Amino acid sequence: MWSGDDIYFMGLALDEAYKADYEDEVPIGAVVVSEGLLLGRGHNCPIGTNDPSAHAEIKALQSAGAWLKNYRMPAKTTVYVTLEPCLMCFGALIHARVDRVVFGAADPKVGVTNYLELLSDARINHQIEFQDGLLEAQCKEMLQGFFQRKRIAN
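Here we summarise the structure given alongside this text. The numbers attached to residues start from 1 for each chain and follow its sequence in the written order. Under the rules for a predicted model, residues below a pLDDT of 70 receive no local features and side-chain atom pairs below 80 are neither given nor counted, while totals for whole chains, interfaces and linings still include all residues. Side-chain metrics rest on all non-hydrogen atoms present in the structure, leaving aside hydrogens and water.

1. Section: helix H4 (residues 87-96)
Spacing of three or four residues puts side chains on the same side of an α-helix, whose turn is 3.6 residues. Definition in use: The buried label applies to any residue whose accessible area, calculated with a 1.4 Å probe on protein chains only, is under 20% of its type's maximum; exposed applies above 50%, and partly exposed to all values in between. The way it works is that DSSP assigns letters per residue, a run of H or I at least four long becomes a helix, a run of E at least two long becomes a strand, and they are numbered from the N terminus. By construction, the arc corresponds to the directions joining the helix axis to the C-beta atoms. Whether two residues are in contact is decided by their heavy atoms, any of which lying within 4.5 Å being enough.
Among all positions of H4, only Cys89, Phe90, Leu93, Ile94 and Ala96 are buried. End-on view of H4: buried residues confined to an arc of 165°, all on one side of the axis. On the buried face of H4, the contacting elements are helix H3 (56-68), strand E3 (77-83), strand E4 (100-105), helix H5 (116-119) and strand E5 (129-132).

2. Regarding the environment of Arg97
Along the polypeptide, Arg97 turns up in the loop between H4 and E4. Measuring from C-alpha to C-alpha, the distance between Arg97 and Thr78 comes to 9.9 Å, with 19 residues separating the pair along the chain. Setting aside residues no more than four positions away along its own chain, Arg97 makes contact with Arg72, Met73, Asn125 and His126.

3. Structural notes on the sheet that holds E5
Stated precisely, the cut-off is as follows: A pair of strands counts as paired when DSSP detects no fewer than two bridges linking them. Simply put, an axis is a line fit to the C-alpha atoms, just over the touching stretch for a helix, and the angle between two N-to-C directions goes from 0 to 180 degrees.
If you walk across this open sheet you meet the 5 strands as E2-E1-E3-E4-E5, and the pairing is mixed. Each edge of the open sheet carries a strand with a single partner, namely strand E2 (37-43) and E5. Pairs of neighbouring strands in the sheet enclose a mean axial angle of 15°, with direction left out of account. As paired elements, E4 and E5 share 4 bridges and run parallel to each other. If you follow Val101 over to E5, its bridge partner there is Phe130.

4. Observations concerning the packing of aromatic side chains
Geometry of an aromatic ring pair is reported as the spacing of the ring centres plus the angle between the planes. So the rule is basically this: Here is the rule: rings of Phe, Tyr and Trp (six-membered ring for Trp) pair when centre to centre is within 6.5 Å. Planes less than 30 degrees apart are stacked, more than 60 are edge-to-face, and the remainder are tilted.
In total, this model carries 4 aromatic pairs according to the counting rule given. Measuring from centroid to centroid gives 5.2 Å for Phe146 and Phe147, while their planes differ by 85°, and the two rings are edge-to-face. Among the aromatic residues, those joined into a ring-pair cluster are Tyr8, Phe9 and Tyr80.

5. As for the environment of Pro85
Within the secondary structure, Pro85 sits in the loop between E3 and H4. Each C-alpha atom of the pair Pro85 and Gln148 lies 22 Å from the other, and the pair is 63 residues apart in sequence. Once residues within four sequence positions are removed from consideration, Pro85 is found in contact with Glu57, Leu93, Val101, Phe103, Val110, Gly111, Val112 and Phe130.

6. Some points on the state of the cysteines
Just so we agree on the cut-off: The disulfide criterion is simple: two cysteine sulfur atoms within 2.5 Å.
Summed over all chains, the structure comprises 0 disulfides. The thiol of Cys45 is unpaired, and the distance to the nearest cysteine sulfur, on Cys89, comes to 11 Å. Judged by its relative accessible area of 10%, Cys45 is buried. Not engaged in a disulfide, the cysteine Cys86 finds its nearest cysteine sulfur in Cys89; these two sulfurs lie 3.8 Å apart.

7. Comments concerning the nonpolar core
Here is the rule we go by: Among the buried residues, those of types Ala, Val, Leu, Ile, Met, Phe, Trp, Tyr and Cys that are joined through side-chain atoms within 4.5 Å form a nonpolar core.
By size, the foremost hydrophobic cluster in this structure holds 38 residues, and its most contacted members are Val32, Leu61, Val79, Tyr80, Val98 and Val101. Sorting elements by how many residues they give to this core places helix H1 (residues 4-22) first, with 6 residues.

8. Here's the deal with the packing of H3 against H4
Heads up, the rule is: Here roughly perpendicular refers to angles of 65 to 115 degrees, roughly parallel to angles under 35, roughly antiparallel to angles over 145, and oblique to all remaining angles. Rotating anticlockwise by less than a right angle from the far helix to the near helix defines a left-handed crossing, while the corresponding clockwise rotation defines a right-handed one.
One way to put it is that H3 packs onto H4 with a least axis distance of 9 Å and a crossing angle of 25°. Relative to H4, H3 is oriented roughly parallel. Between H3 and H4 lies a crossing whose hand is left-handed. For the pair H3 and H4, the contacting residues are Glu57, Ile58 and Leu61 in the first and Met88, Cys89, Ala92, Leu93 and Ala96 in the second.

9. Quick look at the pattern of salt bridges
Pairing is possible between side chains of opposite charge, provided their charged atoms come close. The cut-off we apply is this: The salt bridge criterion pairs a side-chain nitrogen of Lys or Arg with a carboxyl oxygen of Asp or Glu, the two atoms within 4 Å.
If you walk through the whole model with that rule in mind, you get 6 salt bridges. For Lys150, the salt bridge goes to Asp24, with nearest N and O atoms at 2.8 Å. A residue pair is termed long-range when its members are at least 10 positions apart, and Lys150 in helix H6 (residues 136-153) and Asp24 in the loop between H1 and strand E1 (29-34) qualify at 126 residues. Among the residues examined, Asp24 registers a relative accessible area of 41% and is labelled partly exposed. Close ionic contact of Lys140 with Glu136 constitutes a salt bridge, the shortest N to O distance being 3.4 Å. Highlighted residues: Lys140 and Glu136, both in helix H6, separated by 4 residues, approximately one helical turn. By relative accessible area, which is 37% here, Lys140 ends up partly exposed. Linked through salt bridges whose partners overlap, the residues forming this network are Glu16, Lys19 and Arg41.

The structure is reproduced here in structure tokens:
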């Protein structure tokens, strides 16, 4: 089901999540890819930047936009992210015209796939394909380990 490229790029997203973990941020990473070309990368950093919008997906889209010198992503753009996007990130993905999102771990509380029936409304001018479960065990393990360390420290 998953291509070698899918696995490779999710591995890069995991590398970004490790950076977030090192910075004591919730370990979430993302990369933006179009036709095999890495356009941008980012990791979660809202605490260190005092910015509630500094999610991995947003940072990766900003990185890609700066490189492209355009806020719209090219056709056939995929975002690989270690945790299912939230509604805020979904909005950014729509505006950037991302075609596909591949995520590792599901987020049953605030993950966007909980709302896809509502978000498939014709008034939303762009639709995104979501695929889940790529390197899910590694993505979950990183998140669970982070929160376990936090609980022990407190």
